[in-house]
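# Fold and contact review
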Amino acid sequence: MPTILVTNDDGVHAPGLLALKQALSAIAEVLVLAPERNWSASGHSKTMHKPLRVHEVTLADGTPAFSSSGGPTDCVALAAEGVLGKRPDLVVSGINNGYNMGSDITYSGTVACALEATIYGIPGIAISTAAAKRSPIDVALLHPMAGRYARLVVERVLAEGLPPDTLLNVNVPAVAPSNLKGIEITRQGKRRYKDELIKREDPYGQPYYWLGGLGVIDFPDDGTDVGAIANGFVSVTPIGLDYTRHGFLSTLAEWHLQPEHPSQDRDEESHV
Ligand code: MN
């Protein structure tokens, strides 16, 4: 039986994590190590200057799990380095409370967990669905449905493997199970957040700022994660650790960024 690390960025007691754990327990030994608090939108962070604590906790269904004082990707690194006594064969992160599509994936701790796994040479999958507050259907229906799709994708990844430095970013639409259209393989799409700068004053007369959510504009282009979710499909996007814009390399080379006399710079440096 494979060993799967289930983690998230919403915190170890988030309902989505429990749903994911329960969905995967039938096909794998599931180890849970997740942050002790909500780290949503913390991206790919690393704790470098303080120690990390790991504690045993009990999930809402009475099963044991581990929490860490570190962030989401710290949890993956801890598990990959053997803190749970066993290196996982696969890392599955979620089920996140909120979609991770388009530029979300650069902020997402959920996706960063899968990315961290790929750095350790372990296949990673991120699973997200609508935020409970915004979901038109009850999470009591939504989470088990997302869990079933997570299991489906996990089974295929266990059978096929993933290329190096590649993760799968999965989003499950908040539609009634009978309205779900199936799975679409997609590319990363576009969403834009309408943030407002709110300036207020603290009790000591000092200003503070709040970048506030006026909502999000989705661009539901065909073939994208955003488009698939808008049309009621589960979106599965392969994402790479390599951020290079390969198509721009040759144009950039033609900029001739080279200084005219590189050796002169070296000489000046040596005289400092
Ligand atoms: Mn989250």
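A brief structural summary. (Residues numbered from 1 in each chain as written. Predicted model: local features only at pLDDT ≥ 70, side-chain atom pairs only at ≥ 80, totals over all residues. Heavy atoms only, no water.)

### Looking at the side chain of Ser 108
Mapped onto the fold, Ser 108 is located in the loop between helix 3 (104-107) and helix 4 (109-119). Note on Ser 108: relative accessible area 4%, which makes it buried. At 3.3 Å, the side chain of Ser 108 forms a polar contact with the side chain of Asn 100. Filtering out sequence-adjacent residues up to four positions away, Ser 108 remains in contact with Asp 9, Gly 43 and Asn 100. (Helix = DSSP H or I, 4+ residues; strand = E, 2+ residues; numbered from the N terminus. Buried < 20%, exposed > 50% of the residue type's maximum accessible area, 1.4 Å probe, protein only. Polar contact = N/O pair within 3.5 Å; in protein donor to acceptor, adjacent residues only side chain to side chain. Contact = heavy atoms within 4.5 Å.)

### Description of the sheet that holds strand 1 (residues 3-7)
Strand order in the open sheet formed by nine strands is 3-4-2-1-5-6-7-11-8, and the pairing between neighbours is mixed. Looking at which strands have only one partner, the edges of the open sheet turn out to be strand 3 (54-58) and strand 8 (183-185). The sheet shows a mean angle of 25° between the axes of neighbouring strands, taken without regard to direction. Here three bridges tie strand 2 (residues 29-35) to strand 4 (residues 64-68), and the two strands are oriented parallel to one another. Across the sheet, Pro 35 pairs through a bridge with Ser 68, a residue of strand 4. Here helix 4 sits on the sheet in contact with strand 1, strand 5 (90-97), strand 6 (124-129), strand 7 (166-172) and strand 11 (234-240), set at roughly 175° to strand 6. (Pairing = 2+ DSSP bridges. Axes fitted to C-alpha atoms, helices over the stretch in contact; angles between N-to-C directions.)

### Observations regarding the packing of aromatic side chains
Counting across every chain of the model gives one aromatic pair. Ring plane angle 85° and centroid distance 6.0 Å describe the contact between Phe 248 and Trp 255, whose orientation is recorded as edge-to-face. Residue classification places Phe 248 among the partly exposed residues on the basis of a relative accessible area of 38%. The ring of Trp 39 is capped by Arg 37, whose NZ or CZ atom sits 4.1 Å from the centre of that ring. (Phe/Tyr/Trp six-rings, centres within 6.5 Å; stacked < 30°, edge-to-face > 60°. Lys NZ or Arg CZ within 6 Å of the ring centre and 35° of its normal.)

### Thoughts on the pattern of salt bridges
According to the stated counting rule, one finds five salt bridges in the structure shown. As a salt-bridge pair, Arg 151 and Glu 155 come within 3.6 Å of each other at their nearest N and O atoms. Pair noted here: Arg 151 and Glu 155 are both in helix 5 (residues 139-160), with a separation of four residues, about one helical turn. For Glu 155, a relative accessible area of 34% puts it in the partly exposed group. When salt bridges that share partners are traced, they join Asp 104, Arg 191 and Asp 218 into one network. (Salt bridge = Lys/Arg side-chain N within 4 Å of Asp/Glu carboxyl O.)

### Concerning the coordination of the manganese ion
Donor atoms from the polypeptide that coordinate the manganese ion comprise Asp 9 (OD), Asp 10 (OD), Ser 40 (OG) and Asn 96 (OD1), at 2.1 to 2.3 Å from the metal. Of note, the manganese ion draws all its donor residues from one chain, in the sequence arrangement D-D-x29-S-x55-N. Of this pair, Asp 9 sits in the loop between strand 1 and helix 1 (15-24) while Ser 40 sits in the loop between strand 2 and strand 3, and the two are 31 residues apart along the sequence. According to the relative accessible area criterion, Asp 9 is buried, its value standing at 2%. (Donors = N, O, S within 2.8 Å, 3.2 Å for Na, K, Ca; no water.)

### Examining helix 4
Taking burial as the measure, the eleven residues of helix 4 include ten buried ones, the bulk of the element. Within helix 4 the residues assigned to the buried category are Gly 109, Thr 110, Val 111, Ala 112, Cys 113, Ala 114, Leu 115, Glu 116, Ala 117 and Thr 118. The backbone nitrogen of Thr 110 lies 3.1 Å from a side-chain oxygen of the residue at the head of helix 4, namely Ser 108. Directly beyond the C-terminal end of helix 4, a positive phi value near 75° is found at Gly 121.

### Describing the packing of helix 1 against helix 5
One can describe the packing of helix 1 onto helix 5 by two numbers: an axis separation of 8 Å at closest approach and a directional angle of 50°. The orientation of helix 1 relative to helix 5 falls into the category oblique. The interaxial crossing formed by helix 1 with helix 5 has right-handed handedness. Two secondary-structure elements touch here, helix 1 through Pro 15, Gly 16, Ala 19, Leu 20, Ala 23 and Leu 24 and helix 5 through His 143, Gly 147, Ala 150, Arg 151 and Val 154. Looking at the contact of helix 1 with helix 5 residue by residue, the class counts come to seven nonpolar, three polar and one charged. (Parallel < 35°, antiparallel > 145°, perpendicular 65-115°, else oblique. Left-handed = near helix turned anticlockwise from the far one by under 90°. Nonpolar A, V, L, I, M, F, W, Y, C, P; charged D, E, K, R; others polar.)

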